[in-house]
Amino acid sequence: MVIHHSRLKTMGAFLTSRRHRLQPEHAGIRRSLGQRRTPGLRREEVAVLAGVSATYYTWLEQGREVSASRDIIENIAKALQLTPDERNHLIQLWNPNEFSSFSSTSATNTLLNPQWENIIQQLTYPSFISNNRTEVLAWNRAANEVIADFSSLSANDRIMIRLLFMNPEIRRRMINWEEFALYSVAVFRTYYDTYSADPWFKETVERLSEESSAFATMWNLHNIQLKKVNRVQYHIPGGLKAVAFDINAFASPVDNPDLHICIYTPVLETDID
C-alpha cells in the first residue's frame with residue numbers, strides 16, 4: 001500500500017518524534033561508545049528492531065512514497081514501543097479506512113440535535129457541546145460560570161484549544177493547567193492528522209504556535225492521546241476552595257460522530273488523590 005503524500009509527511013514526522021523519545025537501554029540496545037548526535041534511537045536501530053532495512057525505514061521517516069504492509073507498520077509500532085493510542089494513530093495514518101469513524105475531509109459539523117441542547121440546559125453540572133475542531137456550539141449556565149464566559153465570546157472565539165492557551169482567565173482558574181493542556185494538545189493532534197485535508201487545522205496550529213510559545217512547545221512533542229475521562233481542578237469565582245471535576249465526553253455515533261457532549265462532574269473529596 002502506497003500512502004498519500006501529505007499523510008506520508010505526517011507519518012514520517014510522527015515516527016521521528018517517537019524514535020527520539022525511546023532511549024537505547026529501554027529498547028534493549030547497549031549504548032555505543034562515543035557521542036550520539038540525536039536523542040533516542042538511531043534509524044538503523046529501529047530498522048533492526050522492526051525487521052526492515054535501514055534505507056526503507058529512513059525513507060518512511062523522510063515521507064517518501066514507499067509501499068508498506070500492515071505487518072510492517074505493526075512491527076515498527078512494536079519497535080518504537082508505541083502506546084495503544086499511538087499504535088492506532090500510526091495505523092490510521094497508514095490507512096485512514098482501517099478503523100476510523102471520522103470523515104477524511106472535514107470536521108465542520110455544527111448541526112445540533114435540539115434534544116442535545118435540552119439535555120445540557122437541564123444539567124446543573126458545567127456542560128457544553130463541541131465538534132472535533134473544539135468549537136463550542138452550545139453550553140449551559142454552569143459552564144459560563146466555571147469554565148469560561150462563552151456567552152460573551154463570538155463564534156470565532158469559542159474554540160477550546162485556543163481558549164486554553166489564549167484566555168488568561170481560564171489559565172488562572174485551572175489549577176492543573178499544564179497537565180490538562182498537554183492532554184488537550186495530544187487529543188487535538190489526533191484530529192489534526194485525521195482531517196489533513198481540512199486547511200482550518202493547519203491554519204489554527206500555525207497561528208496558535210506563533211501566539212503561544214507554550215502551545216508550540218507542546219505541539220512539537222508530537223504526543224497522541226484519544227479522549228478519556230480526564231480530571232481538572234478549578235478555582236471557582238467567589239468560592240472558598242478549589243473544586244475538582246471529571247470530564248466525561250459523550251458522542252452520538254449514529255447522528256453526529258464528530259460532536260461531543262462534555263459534562264464536568266464534581267469529584268467527591270474522598271475521590272481526590
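See the structure shown above.
Throughout what follows, the structure given in this document is the object of discussion. Just so it is clear, the structure is predicted and the values come from calculations on it, not from any experiment.

What counts, and at which threshold
Residues numbered from 1 in each chain as written. Predicted model: local features only at pLDDT ≥ 70, side-chain atom pairs only at ≥ 80, totals over all residues. Heavy atoms only, no water. Phe/Tyr/Trp six-rings, centres within 6.5 Å; stacked < 30°, edge-to-face > 60°. Helix = DSSP H or I, 4+ residues; strand = E, 2+ residues; numbered from the N terminus. Buried < 20%, exposed > 50% of the residue type's maximum accessible area, 1.4 Å probe, protein only. Lys NZ or Arg CZ within 6 Å of the ring centre and 35° of its normal. Polar contact = N/O pair within 3.5 Å; in protein donor to acceptor, adjacent residues only side chain to side chain. Salt bridge = Lys/Arg side-chain N within 4 Å of Asp/Glu carboxyl O. Axes fitted to C-alpha atoms, helices over the stretch in contact; angles between N-to-C directions. Parallel < 35°, antiparallel > 145°, perpendicular 65-115°, else oblique. Left-handed = near helix turned anticlockwise from the far one by under 90°. Contact = heavy atoms within 4.5 Å. Nonpolar A, V, L, I, M, F, W, Y, C, P; charged D, E, K, R; others polar.

## Here's the deal with the packing of aromatic side chains
According to the stated counting rule, one finds 16 aromatic pairs in the structure shown. Here the aromatic rings of Phe-180 and Tyr-183 are separated by 6.0 Å at their centres, their planes lie at 40°, and the arrangement is tilted. In this pair, Phe-180 and Tyr-183 both sit in helix H10 (residues 177-194), 3 residues apart, roughly one turn of the helix. A residue is classified by how much of its surface remains accessible, and Phe-180, at 8% relative accessible area, is buried. Here the aromatic residues Phe-165, Trp-177, Phe-188, Tyr-192, Tyr-195, Trp-200, Phe-201, Phe-215 and Trp-219 are joined through ring pairs into a cluster of three or more. Across from the ring centre of Trp-177, 3.7 Å away, lies the NZ or CZ of Arg-171, which sits over that ring. The residue whose ring lies beneath Arg-189 is Trp-219, and the NZ or CZ to ring-centre distance is 3.8 Å.

## Concerning the environment of Asn-95
The residue Asn-95 is located in the loop between helix H5 (84-94) and helix H6 (114-122) in this model. As a C-alpha pair, Asn-95 and Ser-69 span 26 residues in sequence and 10.0 Å in three-dimensional space.

## Quick notes on the side chain of His-260
Looking at the element boundaries, His-260 is found in strand E5 (residues 256-266). Judged by its relative accessible area of 8%, His-260 falls in the buried class. One polar contact links His-260 to Asn-132, side chain to side chain, over a distance of 2.6 Å.

## Side note on the pattern of salt bridges
One pass over the structure, following the stated rule, counts 15 salt bridges. With its nearest N and O atoms 3.9 Å apart, the salt bridge here joins Glu-135 to Arg-133. By relative accessible area, Glu-135 is classed as buried at 15%. Arg-133 is the salt-bridge partner of Asp-198, the closest N and O atoms lying 3.0 Å from each other. With a gap of 65 residues between them, Asp-198 in the loop between H10 and helix H11 (199-211) and Arg-133 in the loop between strand E1 (127-131) and strand E2 (136-139) connect regions that are remote in the sequence. A cluster of three or more residues bridged by salt bridges with shared partners is formed by Arg-18, Arg-21 and Glu-86.

## Topic: the packing of H10 against H11
For the pair H10 and H11, interaxial distance at closest approach is 8 Å and the crossing angle is 140°. Taken together, the axes of H10 and H11 lie oblique to each other. Note that H10 runs across H11; the crossing there is left-handed. On H11, the residues that touch Phe-188, Tyr-191 and Tyr-192 of H10 are Trp-200, Phe-201, Lys-202, Thr-204 and Val-205. Taken together, the residues of the contact of H10 with H11 break down into 6 nonpolar, 1 polar and 1 charged.

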